[in-house]
Amino acid sequence: QVQLVESGGDLVQPGGTLRLSCAASGSIGNFDEWGWYRQAPGKQREQVAILGSSGMGHYSASAKDRFTIFRDDKNTAYLQMNSLKTEDTAVYYCRYFSRSYDVWGQGTQVTVSS
């Protein structure tokens, strides 16, 4: 069984940076996939970044060149967020998925405001 615990959300000013963390408990493989998603008030949840089993990151148009998804050797995935904009305000969710699992974190609030 796998569980995900998110952290790192905060209130920041435009142009600021944040690093979101997603710590996995349980056994995960080296070739499973991770994702970060976000949901703003009144909007549908959207995909932000995917870390493929190849180790390559794939990003939405809004995240490309500003965000980076990666993982460490302690079974924690991250979303590095640079040059934040007010449009990035949302609840961010991490996701671990494979043939056997589709697990979501609890969400962490990111607010970008002056």
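For the structure, check the block above.
A quick note: this is a predicted structure, and the numbers were derived from the prediction, not measured.

Participant: Would you take a moment to explain the state of the cysteines for this structure?
Facilitator: Covalent bonding between the sulfur atoms of two cysteines defines a disulfide. If you walk through the whole model with that rule in mind, you get 1 disulfide. The residue that forms a disulfide with C22 is C94, at a sulfur-sulfur distance of 2.0 Å. Torsion about the S-S bond of the C22 and C94 cystine: about 60°, corresponding to right-handed handedness. With C22 in strand 3 (residues 18-25) and C94 in strand 9 (residues 90-97), this pair connects stretches of sequence that are 72 residues apart. You can call C22 buried: its relative accessible area is 0%. On the basis of relative accessibility, which here comes to 0%, the residue C94 falls in the buried class.

Participant: Is there a simple way to explain the side chain of S60 in this structure?
Facilitator: Counting through the fold element by element, S60 comes out in the loop between strand 6 (57-59) and strand 7 (67-71). By relative accessible area, S60 is classed as buried at 17%. Ignoring anything within four residues of it in the chain, the contact list for S60 reads Q47 and V48.

Participant: Just to check I follow, could you spell out unusual backbone geometry for this structure?
Facilitator: Note on backbone geometry: most residues besides glycine have negative phi, and most peptide bonds are trans. Here the phi dihedral of D65 falls at roughly 75°; this positive angle occurs in a residue that is not glycine. Following the sequence through the fold, D65 ends up in the loop between strand 6 and strand 7. For D65, a relative accessible area of 72% puts it in the exposed group. A positive phi is found at S83, a non-glycine position, where the angle reads about 50°. Structurally, the position occupied by S83 is in the loop between strand 8 (76-81) and strand 9.

Participant: Just to check I follow, could you spell out the pairing of strand 4 (residues 33-39) for this structure?
Facilitator: In the case of a regular strand, side chains alternate between the two sheet surfaces. Counting buried residues in strand 4 gives 5 out of 7 residues, a clear majority hidden from the surface. The pairing of strand 4 with strand 9 spans 7 bridges and is classified as antiparallel. The residue of strand 9 that forms the bridge with R38 is Y92. The pairing of strand 4 with strand 5 (residues 46-51) spans 5 bridges and is classified as antiparallel. Following the sheet pairing, R38 is matched in strand 5 by E46. Counting the residues in the hairpin turn of strand 4 and strand 5 gives 6 residues, including G42, whose phi is positive at 75°.

Participant: Hey, could you run me through the sheet that holds strand 7 in this one?
Facilitator: Adjacent strands of a sheet form backbone hydrogen bonds with each other and so pair up, either parallel or antiparallel. If you walk across this open sheet you meet the 4 strands as 1-3-8-7, and the pairing is antiparallel. Each end of this open sheet is capped by a strand with a single partner; those strands are strand 1 (3-7) and strand 7. Here the average twist between neighbouring strands, direction ignored, is 15°. Where strand 1 lies against strand 3, 5 bridges are found, and the strand directions are antiparallel. Counted as the bridge partner of L4 is A24 from strand 3.

Rules used in this analysis
Residues numbered from 1 in each chain as written. Predicted model: local features only at pLDDT ≥ 70, side-chain atom pairs only at ≥ 80, totals over all residues. Heavy atoms only, no water. Disulfide = S-S within 2.5 Å. Helix = DSSP H or I, 4+ residues; strand = E, 2+ residues; numbered from the N terminus. Buried < 20%, exposed > 50% of the residue type's maximum accessible area, 1.4 Å probe, protein only. Contact = heavy atoms within 4.5 Å. Pairing = 2+ DSSP bridges. Axes fitted to C-alpha atoms, helices over the stretch in contact; angles between N-to-C directions.

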